[in-house]
Structure formats: structure tokens, C-alpha cells
Protein chains: 2
Amino acid sequence: MKFNIEAVNGNLTEQLTHKINTKTKPLGSLGKLEEIALKIGQIQNTLNPELSNPAIVVCAGDHGITEEGVSPFPQEVTFQMVMNFLGGGAAINVFTRQNNIKLLVADAGVNFDFESNGKLIDIKVAKGTKSFANGAAMTIDECNKAMENGAGLVENLHKEGSNIIGFGEMGIGNTTSASALLCAFTKCSATEATGAGTGLDAQGIARKASVIENALKLHKDITDPTEILATFGGYEIATITGAMLKAAELKMTILVDGFIVTSALLAAYHMNKTVLDYCLFSHKSNEKGHEVMLNYLNANPVLDIQMRLGEGTGSAVAYPIIKSAVDFLNEMSSFEDAGVSDKE
Amino acid sequence: MKFNIEAVNGNLTEQLTHKINTKTKPLGSLGKLEEIALKIGQIQNTLNPELSNPAIVVCAGDHGITEEGVSPFPQEVTFQMVMNFLGGGAAINVFTRQNNIKLLVADAGVNFDFESNGKLIDIKVAKGTKSFANGAAMTIDECNKAMENGAGLVENLHKEGSNIIGFGEMGIGNTTSASALLCAFTKCSATEATGAGTGLDAQGIARKASVIENALKLHKDITDPTEILATFGGYEIATITGAMLKAAELKMTILVDGFIVTSALLAAYHMNKTVLDYCLFSHKSNEKGHEVMLNYLNANPVLDIQMRLGEGTGSAVAYPIIKSAVDFLNEMSSFEDAGVSDKE
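Bear in mind the structure is a predicted one, so any value in this text is a computation, not a measurement. (Residues numbered from 1 in each chain as written. Chains lettered and ligands numbered in written order. Predicted model: local features only at pLDDT ≥ 70, side-chain atom pairs only at ≥ 80, totals over all residues. Heavy atoms only, no water.)

1. What about the pattern of salt bridges?
Where side chains of opposite charge bring their charged atoms close, a pairing between them can arise. Residue and element names in this part refer to chain A. Tallied over the entire structure, the rule returns 18 salt bridges over all chains. When the shortest N-O distance is used, the salt bridge between Glu6 and Lys251 registers 3.5 Å. Residue Glu6 is located in the segment before α1 (13-21), and its partner Lys251 is located in the loop between α10 (235-249) and β5 (253-256); the two are separated by 245 residues in the primary sequence. The exposure class assigned to Lys251 is partly exposed, which follows from its relative accessible area of 34%. Among the salt bridges present, the one from Glu160 reaches Lys102, with a minimum N-O distance of 3.0 Å. Within this pair, whereas Glu160 is found in the loop between α5 (140-159) and β4 (164-170), its partner Lys102 is found in strand β2 (residues 102-109), the two being separated by 58 residues in sequence. Taken together, the shared-partner salt bridges in this structure form one network comprising Glu155, Lys246 and Glu249. (Salt bridge = Lys/Arg side-chain N within 4 Å of Asp/Glu carboxyl O. Helix = DSSP H or I, 4+ residues; strand = E, 2+ residues; numbered from the N terminus. Buried < 20%, exposed > 50% of the residue type's maximum accessible area, 1.4 Å probe, protein only.)

Given below as C-alpha cells:
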């Protein structure tokens, strides 16, 4: 798929910096909030950015790799958690309600027949991927279809006036997929990339790393980013990859969540590096390989509170801090306006 | 002053932990949010804690030590910033508005005659402290008066139904006061304790450290915590110390802000160590000595986003994350409620 992503231009950088620096506060004293305010001002190309209709899209999909015993939870938890999202009882429901973020839940490829439900977006490509221990998880066509689906979702949200979007995921087995993508895209070792996921013990982590290592050997000749995504990814991951690329094309601010969502970004980044111009990193996940991803992308996330839940929860919890950045830029007085003496 | 602070009891710890652990999420996957939920449940001694009428009290005071050239801003900025608070244009106004936190502004000891204003709480003890380079900043009576004032403010807020409270400060010269308190209470060196404040260069920081070092020598025989606070503190700092002790007595959750507010807590802690049972640390300030304070108090703050503005802004920005913790504890489904399979 081709996306036409324009680099963020720096036309207003000097004026934004001046606006930030003349607020009634010691220079630089809002730290990361100042960086965020500058970045969103640049993305929106205005001195008065706004966050409109923030949304988080949770994409769910199942993974054939679970056959290899890589997760302590059974595969049925994927559809059960989708039902939990629809019922309003999951963590992402709580945090999006708290922070007035619109929540969308999409079936990107769950191994379950849901009853037709107005609340669930049906973009199922197939009932779960195949195991990448034996072959590719998806065909290129299936992977492209999932990416198109993600792009379509984002296009709709953009039409409804949303200019900031986060992504979440649910899929038993998907940390295995994300670890394999991390290795394939950054050439780090399976050991560096593999963590506890939903709660493996040391033995389980070692087995999971060995599954990944063998799969990397099997698929060692693959270099095209879409092919890498199709080989190791999942439907929810590919959907998010396409969604991020479309969001960047539409000049929306992208809130990047934890390990799985960042693996989707790794794929997007290898397809089009400019996508990073539109990304804010919500949090550093406690899932082991996330730090490797963040370092690779030179990313400096807002929160580091040892979360590793997925579902987009890191983005939902970090959102008020992003809003603080935009609000101070718009609402704080300058030294001149407030009649406050500046540094002598 | 005496405060009767009851230690937080652990009666419900097991039940709270069970409630947290049976939510639909991998064990421990909400990281610091789980610690916060547990702590607030313990403080309120309930499985269903609530955050009621959150408030931030900003206390302002002037400092005689500014005579020694320790700040790049003139003293008049203290009253000018108080006017900015009353006008709604300061950072703390923006962030408390955003997060529905009640903001109170108190003149604890500003060197300015404010016109009577319904918005400004007049608890002025004196028009600024004396320079602690020559003698004590306050008399013991003045220091006690400021502490009583703080306690009174908190008592009123508690009567109005507030059960979570943060503190902010404004006072040109007060990082010098806070650094001296840090040295006096923890025996660290002036160099370790002294940072850039509102923006000193390396030469300015060295001069400030030397002012502090000389003052520590002058007052080296003082060991009583109230006397230390009176000697090196400020009216806004002593007001916050008394306020924190009263808040703990009333079993309120205390949001601890950055460098200055933590210096007030150091004093409170040396008067009554149990105050810590009621404290949540909002953020790690970028002001150099804050890390020393946090380590001394064994504190693990929520945010580390390089803020160093004061005014209580760290607490105001961190508040939604505290709320996320309480909300997940109250609103998330358990595995059983949601019909989700637990770990195999």
C-alpha cells in the first residue's frame, strides 16, 4: 500500500518556541510538556493547536503461534476480552471514559463468530493468523487487506473531526508476534526481544524465545517490510500499521502505546519513515522488548509507570498530559500580558 | 505544634490486593497504578475509595535571602505571580481548570500590600522572611503561626468534603530556602542540594551554594525540626508543613509536588514520620536537589517529565493518573464478572 505522508514542516518552529518561552514561567520549566506543545503545534501548523475528538481504536485478532504454547492464557480470552470491551468493563473502557476519549473496538481477525453488534466494528480478514512457526502468518493480500481496513477506520474518524488518535490491541499470542517483528526489523536477538507477555515464567520465556529464533531462521530471507509484517504479524497489528500510516497522511497526531502497538509502528516506519513526524510516545511499557523498540526509534515516552496491559491503556492514561501541553500553550499568560517582570 | 497522626492500618491490604489482582488484566500489569490504588484504599480504609473535591493550595511568601543575589528574578515577581494566579493566567490555573481541581491562593508572607480580594486568602504572617545569612528567617512564633495557618486552611477544605489535597508555592528565593532545609535535614552537602532554581548559570549556582554553606555554618547547632524550619524556611514553606501534618491527621491523601513542597514535607517528616503514610509523590522535579529528597524519603514519584515550575503544577498534571488508579479499582470487571478465562 502507498501512503502519501508529508513531512512536518518547521515554518512555525521559531514562533512556537517564542510563544512557549514567553509564558509566565522559568525558561524550559515545563519540560516534556514544552516538547509536546511544540510538536503538536508543528503537526497542526498553527500557534493555537487543538485536540479535537480524541479517539482510541482497539483492534483484536488471534494468532496461530499460540499452538506453540507461547501464552499462559487460552486463545478464547481474545474474544472474551472483546466482549468485555463491548460491556464496558475493561481497563481501556475505564480510562477512555475518564478522559473523554472515544473508544472504538474492531474485530480485525478474531477466531470467533460474534453476533452482529452495533458496537463492534467488523473488519475481520480471517479467523486468526496461521502459525509463523511453519509458514507466513498472513498472505500479502490478507496483510494488505488488514492495513486497508485500518486506513479506512482512520479516514472515517478524521471525517468526524478527530485530529488525535491512539491504538490499542487484544490478541492472545501477540507479544510473540511483536517480538518476532522487533527482531526482523531491528536485527536484535530473540532473547533481547522476548519478555513475559501476560505472565510467563523464566522457562516459558525461554521457550517463547526459542520459538521466535527458529521462526526467524525459517524466514531469514525476507526483507520487504510488508512481507515481514505478513510473515510475523497479526491482523490487529497490520490493521494498526495501516491506520497509523493513514493518520500520518491526514496529519493527525498519533499516540503510540506499548509493545504491540510499537511493533505495528516499526512496520509502518519501515514502509515510510516520515510517519514518525506525527507520533507521540505515550509510555514505556514494562514488557521487556519495548525499550529496545523505543531506543531504535529514538523515542522519549511521556510515562514510565510500569504498565504492560495493552488495549491502548498507556495512551488513554497519558492523554491528559498531552492535553496539559496544548492547554498551557493556548491558555497561559505571557510575561507581558500578566505584567510579570522577566529575568533580570 | 502537635498533630495526632494515626498510622495507616493494613486491615484491608489483603482484600484490596485480591480486588486488584482479579481485575481482567495480566497480574501486575497496571504497574504504579496498582500501587496507588492500594495506597489510597489503605488511607481511606475501604475497598471502594473515592477522590472527593480535590484541591490545590498555592502559598506565596517572600524571602530575605534574595538580598544575597540568589535568584535571577527580582522579588516583585512573587506578588506579580500572585496577581497572575488571581487572574487565571498561570500554569497552575490552566492545569487545575483542566483537571477540575479547586485552586486556592494564599498570601502566607508576601512583601506586598494586596488590595482586599475575595479570591486571595490572607494568612500573611509578615512581609517576607529575614535573610538566614545573618540570623533566623523566622522566629519560632512566626513559624508556628504559619504552620497553624496551613493547618486551618486544610481543616476548612476537609469540612467542605475534600479528601485529596496538593500544595504549590510561589516565592522568589525559595529554592535557596529549600536547599538549605535539605542540607539541614539530611546532612547532604550544599553542592548536592543546590540547583539552577528559576535559571541561574553555573557561576550563580556556585554563589548560591556558597551562601547556603555559610548559613549552615552559622546555624550549625540547631537540631530541633521546628527551629530548622524557622531558621531556613519561608512562610509559604512553613504553611505547607503545617497543612501537610493536618491533612495526615485528617486522613486525607497528600499529593507531594516538587522541590519546595518536598522541603516542607522534610520538615513535616522530621516532626512526625507517620505523615508519609498519607503521601503520594506526583513527580520528580528537574531541580537538582529533588532527587536527593526523593531518595531520602524512599519516594517513587508518578511522573518524570522534567518539570521544575513549582506552583503545584506537578501535582495538578499528575492528578488524572491518580484518578485512573482509583477508577480502575472501582470500575473494572473481574475475570469472574466478565466471564473471562484466567491464566491456565
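2. Concerning the packing of α5(A) against helix α9 (residues 225-232) of chain A
All names here are of chain A. Running from N to C, α5 and α9 point in directions that differ by 95°, and their axes come no closer than 9 Å. With respect to their mutual orientation, α5 and α9 come out roughly perpendicular. Residue-level contacts link Ile140, Cys143, Asn144 and Met147 of α5 to Thr226, Glu227, Leu229 and Ala230 of α9. (Axes fitted to C-alpha atoms, helices over the stretch in contact; angles between N-to-C directions. Parallel < 35°, antiparallel > 145°, perpendicular 65-115°, else oblique. Contact = heavy atoms within 4.5 Å.)

3. Regarding the interface of chain A and chain B
Counting from both sides, the interface comprises 54 residues of chain A and, opposite them, 54 residues of chain B. Buried area between chain A and chain B, both sides added, is near 4,500 Å², and the carbon and sulfur share of it is 59%. The partner of Arg97(A) in a salt bridge is Glu331(B), and the shortest N-O contact between them spans 2.9 Å. In this structure, the connection of chain A to chain B is made through 20 residue pairs in polar contact (both at pLDDT 80 or more). For the side of chain A that touches chain B, the secondary structure elements donating two or more residues are α2 (32-44), α3 (76-87), α4 (91-98), α13 (313-331) and α14 (335-338) of chain A. Take the side of chain A that touches chain B: its biggest share by element is 8 residues, from α13(A). Among the residues making up the side of chain A that touches chain B, the classes are represented as 26 nonpolar, 15 polar and 13 charged. (Buried area = accessible area lost by both parts, 1.4 Å probe. Polar contact = N/O pair within 3.5 Å; in protein donor to acceptor, adjacent residues only side chain to side chain. Nonpolar A, V, L, I, M, F, W, Y, C, P; charged D, E, K, R; others polar.)

4. So, the packing of helix α6 (residues 174-186) of chain B against helix α11 (residues 259-271) of chain B
All names here are of chain B. It is the contact of α6 with α11, at a shortest axis distance of 9 Å, that shows an interaxial angle of 35°. The interaxial crossing formed by α6 with α11 has left-handed handedness. Residue-level contacts link Asn174, Thr175, Ala178, Ser179, Leu181, Leu182, Phe185 and Thr186 of α6 to Phe259, Ile260, Ser263, Leu266, Ala267 and His270 of α11. Among the residues making up the contact of α6 with α11, the classes are represented as 8 nonpolar, 6 polar and no charged. (Left-handed = near helix turned anticlockwise from the far one by under 90°.)

5. Focus: the pairing of strand β1 (residues 55-61) of chain A
Within β1(A), 7 of the 7 residues are buried, leaving the element largely enclosed by the surrounding structure. Where burial is concerned, the two faces of β1(A) agree: the one with Ala55(A), Val57(A), Cys59(A) and Gly61(A) and the one with Ile56(A), Val58(A) and Ala60(A) are both buried.

6. Quick word on the relation of the copies chain A and chain B
When chain A is fitted to chain B, the best match, at an RMSD of 0.0 Å, comes from turning it 180° and sliding it 0.0 Å along the axis. In short, the pair behaves as if placed about a two-fold rotation axis. Taken together, the interface assignments show that 100% of the residues at the interface of chain A recur at the interface of chain B, consistent with an identical surface on both copies. (Least-squares fit on C-alpha atoms with pLDDT ≥ 70 in both.)

7. Considerations on the sheet that holds strand β6 (residues 279-281) of chain B
Residue and element names in this part refer to chain B. Taken in spatial order, the 6 strands line up as β3-β2-β1-β4-β5-β6 in an open sheet, and their pairing is parallel. Since the sheet does not close on itself, it has two edges, and those belong to β3 (120-122) and β6, each with one partner. The average undirected angle you get between the axes of adjacent strands in this sheet is 30°. Relative to strand β5 (residues 253-256), strand β4 (residues 164-170) runs parallel, the two sharing 3 bridges. Residue pairing in the sheet places Ile164 in a bridge with Thr253 of β5. Sitting on the sheet, helix α10 (residues 235-249) is in contact with β1 (55-61), β2 (102-109), β4 and β5, with an inclination near 175° to β4. (Pairing = 2+ DSSP bridges.)

8. Comments concerning helix α4 (residues 91-98) of chain B
Residues and elements named next belong to chain B. Of all 8 residues in α4, 7 are buried; the element is thus mostly enclosed. Those residues of α4 that sit buried are Ala91, Ile92, Asn93, Val94, Phe95, Thr96 and Gln98. In the stretch just after α4, Asn100 is the one whose phi turns positive, near 55°.

9. Some thoughts on the sheet that holds strand β3 (residues 120-122) of chain A
Residue and element names in this part refer to chain A. Strand order in this open sheet of 6 strands is β3-β2-β1-β4-β5-β6, and the pairing throughout is parallel. Pairing within the sheet leaves two strands with one partner each, and these edge strands are β3 and β6 (279-281). Pairwise comparison of adjacent strand axes, ignoring direction, gives a mean angle of 30° for this sheet. Two strands pair when backbone bridges link them, and β1 and β4 are joined in this way by 6 bridges, in the parallel orientation. Its bridge partner being in β4, Val58 is matched across the sheet by Gly168.

10. Considering the environment of Ser71(A)
Residue and element names in this part refer to chain A. If you trace the backbone, Ser71 turns up in the loop between β1 and α3. C-alpha separation for the pair Ser71 and Gly199, spaced 128 residues apart in sequence, amounts to 7.8 Å. Setting aside anything within four residues of it in sequence, one finds Ser71 in contact with Ile172, Gly173, Thr198 and Leu200. At 3.1 Å, the side chain of Ser71 and the backbone nitrogen of Phe73 are in polar contact.

11. Examining the nonpolar core
Formed by 104 residues in total, the largest nonpolar core has its most connected members in Leu33(A) and Leu33(B). Excluding its chain neighbours within four sequence positions, the residues that come into contact with Leu33(A) are Ile321(A), Ser324(A), Ala325(A), Phe328(A), Phe95(B), Ile305(B), Met307(B) and Val317(B). Grouped together as the second largest cluster of nonpolar side chains are 74 residues, Ala137(A), Ala184(A), Ala190(A) and Cys279(A) included. (Core = buried A, V, L, I, M, F, W, Y, C linked by side-chain atoms within 4.5 Å.)

12. With respect to the side chain of Thr175(B)
Inspection of the secondary structure assignment puts Thr175(B) in helix α6. Every residue in contact with Thr175(B), bar those within four places of it in the chain, is listed here: Gly197(B), Lys208(B), Phe259(B), Ile260(B) and Glu287(B).

13. Here we look at the state of the cysteines
Considering all chains together, one arrives at 0 disulfides over all chains under this definition. Here Cys143(A) stays free of any disulfide, with the sulfur of Cys59(A) as its closest cysteine sulfur at 13 Å. Take Cys188(B): it sits in no disulfide, and the sulfur closest to it among the cysteines is that of Cys183(B), at 4.3 Å. (Disulfide = S-S within 2.5 Å.)

14. Describing the packing of aromatic side chains
Within this structure, the stated rule accounts for 10 aromatic pairs over all chains. With centroids separated by 6.2 Å and ring planes inclined at 20°, the aromatic side chains of Phe73(A) and Phe335(B) adopt a geometry described as stacked. With Phe73(A) in the loop between β1 and α3 and Phe335(B) in helix α14 (residues 335-338), this pair bridges two chains. Judged by relative accessible area, which is 7%, Phe73(A) ranks as buried. Here Phe335(B) falls in the buried class, since its relative accessible area comes to 10%. For the pair Phe132(B) and Phe232(B), a centre-to-centre distance of 5.4 Å together with 75° between the ring planes defines the contact as edge-to-face. Taken together, the positions of Phe132(B) in the loop between β3 and α5 (140-159) and Phe232(B) in helix α9 (residues 225-232) put the pair 100 residues apart, joining distant regions of the chain. Look at Phe232(B) and you get buried, because its relative accessible area is 2%. Put simply, the rings of Phe79(A), Phe112(A) and Phe114(A) touch in pairs and so form one group of aromatic residues. Positioned over the ring face of Tyr269(A) is Lys273(A), at 4.7 Å from the centre of the ring. (Phe/Tyr/Trp six-rings, centres within 6.5 Å; stacked < 30°, edge-to-face > 60°. Lys NZ or Arg CZ within 6 Å of the ring centre and 35° of its normal.)

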